[in-house]
Every structure is written in C-alpha cells, then in structure tokens.
Amino acid sequence: MSAVIAIQQLSKTYASGHSALRQVDLEIQRGEIFALLGPNGAGKTTLISIICGIVNPTSGQVLVDGQDIVRDYRAARSQIGLVPQELVNDVFETVSASLRFSRGLFGKKPDPAYLEQLLRDLSLWDKRDAKIFELSGGMKRRVMIAKALAHEPRILFLDEPTAGVDVELRRDMWEMVRRLRERGVTIILTTHYIEEAEEMADRIGIIRKGEIILVEDKALLMRKLGKKQLSLQLKQPLASLPGSLQGFALELDAQGQVLRYHYDGQQEHSGIAELLRTLDEAGIEFGDLQSSQSSLEEIFVNLLRESA
Ligand SMILES: Nc1ncnc2c1ncn2[C@@H]1O[C@H](COP(=O)(O)OP(=O)(O)OP(=O)(O)O)[C@@H](O)[C@H]1O
Ligand SMILES: [Mg+2]
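Computed from a predicted structure; not experimentally measured.

**Q** An account of the packing of aromatic side chains is requested, with residue identities and associated values reported.
**A** Summed over all chains, the structure comprises 3 aromatic pairs. Here the aromatic rings of Phe248 and Tyr261 are separated by 6.4 Å at their centres, their planes lie at 70 degrees, and the arrangement is edge-to-face. Taken together, the positions of Phe248 in the loop between β11 (227–234) and β12 (250–252) and Tyr261 in strand β13 (residues 258–264) put the pair 13 residues apart, joining distant regions of the chain. For the pair formed by Phe248 and Tyr261, the shared burial category is buried. Here a set of aromatic residues connected by ring pairs shows up, and it is made of Phe248, Tyr261 and Tyr263.

Written as structure tokens, this is what we have:
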C-alpha cells in the first residue's frame, strides 16, 4: 500500500501560545480506515483542519497524494471531503441546493444521479427539499456528510461523525463508510466512541497532548495489548484459594463461585493447561468456562494512563 497522506514533522502553535501539535509524523495508507483517538483537546481537530487547509501549520509538511497542502492547495483540497466536528450549515438552503453548491465549489460538473444516490444512501432523499434549519440534529449531521461527498472526493475526513446520532443511524453510517471504502475512498475518522474505532478501523492512532503516541494495526494492537481472561464457574464455592493454586494469576470472586484467570494473550504459553490440571488434582470442579479479551477502550485508557 502507498501513503495517500504523508505528514512530516508537523507542529502547530496557536496565537495564544498553545502548542496543539508537536512534530507529528504520520502516513495514511490509500484505501484504509484510520481512526484517530485521543482525549478532548489532544489535537485531533487541529490535525484534520491543517490537512484540509483550514488552519495554517506552524512548521512541517503535509502531502496529499503527492501535492503539498500549502503550495498546491487547490489540487490537494479537491481530493478531500471534510465532515467537520462543528455543524456549519447554510441553514436557509434546501438540502439539495446545498449539495449542488458544494459540488460546484470544486468545479465538478452537475450530476443529479450521483447526488440522488448520495441522499438515498444517507436516508435524506425524503428531505431533499427541506430547508436545513428544519431538520433534526442527526439529519443535519448526515447533510454534512452528503455535502462532504458531493464532489466525489477520494479521501474523507470525519471529525466525530456520529456525535449526537442515534444508535440505529450510527450503524447505517458505519455501513456507508464501509461501502465508501470498498469503492476505494480513504477514510480518516476521529471518535469518542471507542466501539466505533473497534468496529470500523483498520489502523488506530492515539494522540495525546499534540503527540502521536502510537500507530498500530487494530487487530495487532488488540492482540498485543489485549489482556485475556478466563472465567470458571465453580460447582462448589470455595472459601479461599488452595495452596496449590497460589502460583497462578487467579482471582476468586466475593461469593467464592467464580475463578478468574488472567493471562497474556500474546504469549504462546498461556498456562491454561497447567491450571486445568492443577484444578483437577485439587478436586475443584467447574461447570461453565468463558474467555474474554479486554476491549479497545481498556487498552486506550491504560495507554493514556501509562504515558501521563
Ligand atoms: N483557534 C484556536 N486558538 C487557540 N487554541 C486553540 C484553537 N483551536 C484549538 N485550540 C487548542 O488546541 C488544543 C487542541 O484542540 P483540538 O480542537 O485540536 O482538540 P481535539 O483533539 O479535536 O479535541 P476534542 O476531542 O474536544 O474535539 C486545545 O487545547 C484547544 O484549546
Ligand atoms: Mg475535535
């Protein structure tokens, strides 16, 4: 895969003196879904705004498909669709007119069939003649997405796309994002819903206080940092752990009915076979057995805590 966005040594210090980005290096691969995670104020919107030419960088360079976002602004920007975090809409326009206008801004020929499909995909076709101020918050957000896609960009930035969108619609939007990816669109999203990153992303970047502290393939990240846990439902409650089990990373719940074994999902040797053998020798019987892995949310919280 080749990088469609290459960011080098990018820094931003706002006029207030606040340093929002510090020497960020990042490459986004063509056709991937990249999720940028980070707490409030970490610099996510600043990073996106620089790539989209809304905020000037203090230093560093960003290439979009080889075009410099400052020197070759128009060429770089025409490849990008942006759904900003803040709802900014021409509220007195109708939905359709607003889309046609956005497309025209990029010098694209009118294409009613494309815009109709876009509105249908976003369940907005029925609202095409409504004025934007008449729509609900979730609908306005979908209008923002439709507008961002009106000029058929190859790269789509979604800054908190599903904030304020109900669960069902959120699923529809995820579905749409996947379809876009299938068509070769590269997607970069920021989100506070970690389940969204877990569900959607191919790669995850974690940003904290203006620094990218980690970029990793999602599956790899979850395998590497995800702690695994095995829960055994005991047939007879235990008052305490017998001595032969002391050497294992075990935890007995307050009722003495569930034994939890923690192990490192990355290590080849989980120790489960030995644990089961030792349980058998100690005459401890269990009924049900379940294994689970820590979620991206736990990994994320732990990473931020570690680097604090
Ligand atoms: N125009 C501005 N002038 C001065 N400081 C700013 C400006 N915009 C953002 N900042 C500051 O830069 C830092 C990063 O802000 P940014 O909006 O990029 O964070 P974020 O990661 O998008 O946060 P959130 O998750 O809340 O959207 C914050 O401390 C913010 O106060
Ligand atoms: Mg933001």
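**Q** Please set out the coordination of the magnesium ion (ligand 2) residue by residue, giving values where relevant.
**A** Protein coordination at the magnesium ion (ligand 2): the donors are Thr45 (OG1) and Gln85 (OE1), at 2.0 to 2.2 Å from the metal. Of the two residues, Thr45 is situated in helix α1 (residues 44–51) and Gln85 in the loop between β6 (80–83) and α3 (95–105); the sequence distance between them amounts to 40 residues. Since its relative accessible area comes to 29%, Gln85 is described here as partly exposed.

**Q** A description of the sheet that holds β13 should follow, citing residues and the corresponding values.
**A** Pairing is antiparallel in the open sheet, where 4 strands are placed in the order β12-β13-β11-β14. Because the sheet does not close on itself, it has two edges, and the strands there are β12 and β14 (286–293). Strand after strand, the sheet turns through a mean of 20 degrees between neighbouring axes, direction not considered. Sitting on the sheet, helix α9 (residues 272–281) is in contact with β11, β12, β13 and β14, with an inclination near 155 degrees to β13.

**Q** I'd like a rundown of the site of ligand 1, residues and numbers included.
**A** Around ligand 1, the surrounding shell holds 14 residues, and the nearest of these are Asn40, Gly41, Lys44, Thr45 and Thr46. Here Gly41 contributes a backbone N or O atom positioned 2.8 Å from an oxygen atom of ligand 1. Separating an oxygen atom of ligand 1 from a backbone N or O atom of Ala42 is a distance of 3.1 Å. In isolation ligand 1 exposes 640 Å². Once the protein is present, 65% of that is buried. When residues in the shell around ligand 1 are grouped by element, the largest group, 3 residues, is from α1.

**Q** Please provide a residue-by-residue account of the nonpolar core, values included.
**A** In terms of nonpolar packing, the biggest core is built from 49 residues, with Leu118, Leu156, Ile187 and Ile204 touching the most fellow members. Discounting chain neighbours no more than four positions away, the residues touching Leu118 are Leu99, Ala146, Leu149, Ala150 and Met176. Core analysis: the second largest hydrophobic core is formed by 28 residues, Val4, Cys52, Val55 and Ile69 among them.

**Q** With reference to specific residues and values, describe the domain arrangement of the chain.
**A** Split into domains, the chain comes out as domain 1 (3–222) and domain 2 (227–295). Computed from C-alpha coordinates alone, the two centres of domain 1 and domain 2 are separated by 45 Å.

**Q** Explain the packing of α3 against helix α4 (residues 112–121) residue by residue, including any values.
**A** Following both chains from N to C, one finds α3 and α4 inclined at 125 degrees, their axes separated by 11 Å at the closest point. As the angle between them shows, α3 and α4 are arranged oblique. In this structure, the crossing between α3 and α4 has a hand that is right-handed. Contacts between α3 and α4 involve Val95, Ser96, Leu99, Arg100 and Arg103 from the first element and Tyr114, Leu115, Leu118 and Leu119 from the second. In terms of residue class, the contact of α3 with α4 is made up of 6 nonpolar, 1 polar and 2 charged.

**Q** I'd like to hear about α3, residue by residue, with values.
**A** Residue pairs spaced three or four apart in an α-helix point in one direction, given the helix's 3.6 residues per turn. For α3, the full list of buried residues reads Val95, Ser96, Ala97, Ser98, Leu99, Ser102 and Arg103. Structurally, α3 contributes buried residues whose contacts are with α4 and α5 (137–149). A positive backbone phi angle near 70 degrees is found at Gly107, which sits one or two residues after α3.

**Q** Tell me about the sheet that holds strand β4 (residues 59–64), residues and numbers included.
**A** The strand order across the open sheet formed by 4 strands is β2-β1-β4-β5, and the pairing between neighbours is antiparallel. Of all the strands in the sheet, just β2 (19–29) and β5 (67–68) have a single pairing partner and so form its edges. The pairing of strand β1 (residues 3–13) with β4 spans 5 bridges and is antiparallel. If you follow Ile7 over to β4, its bridge partner there is Val62. Together, β1, β2 and β4 form the strand contacts of α1, whose direction differs from that of β1 by roughly 120 degrees.

How each quantity is defined
Residues numbered from 1 in each chain as written. Chains lettered and ligands numbered in written order. Predicted model: local features only at pLDDT ≥ 70, side-chain atom pairs only at ≥ 80, totals over all residues. Heavy atoms only, no water. Phe/Tyr/Trp six-rings, centres within 6.5 Å; stacked < 30°, edge-to-face > 60°. Helix = DSSP H or I, 4+ residues; strand = E, 2+ residues; numbered from the N terminus. Buried < 20%, exposed > 50% of the residue type's maximum accessible area, 1.4 Å probe, protein only. Donors = N, O, S within 2.8 Å, 3.2 Å for Na, K, Ca; no water. Pairing = 2+ DSSP bridges. Axes fitted to C-alpha atoms, helices over the stretch in contact; angles between N-to-C directions. Contact = heavy atoms within 4.5 Å. Near = heavy atom within 4 Å. Polar contact = N/O pair within 3.5 Å; in protein donor to acceptor, adjacent residues only side chain to side chain. Areas by Shrake-Rupley, 256 points an atom, 1.4 Å probe, with all protein chains shown as cover. Core = buried A, V, L, I, M, F, W, Y, C linked by side-chain atoms within 4.5 Å. Domains from an automatic or database assignment. Parallel < 35°, antiparallel > 145°, perpendicular 65-115°, else oblique. Left-handed = near helix turned anticlockwise from the far one by under 90°. Nonpolar A, V, L, I, M, F, W, Y, C, P; charged D, E, K, R; others polar.

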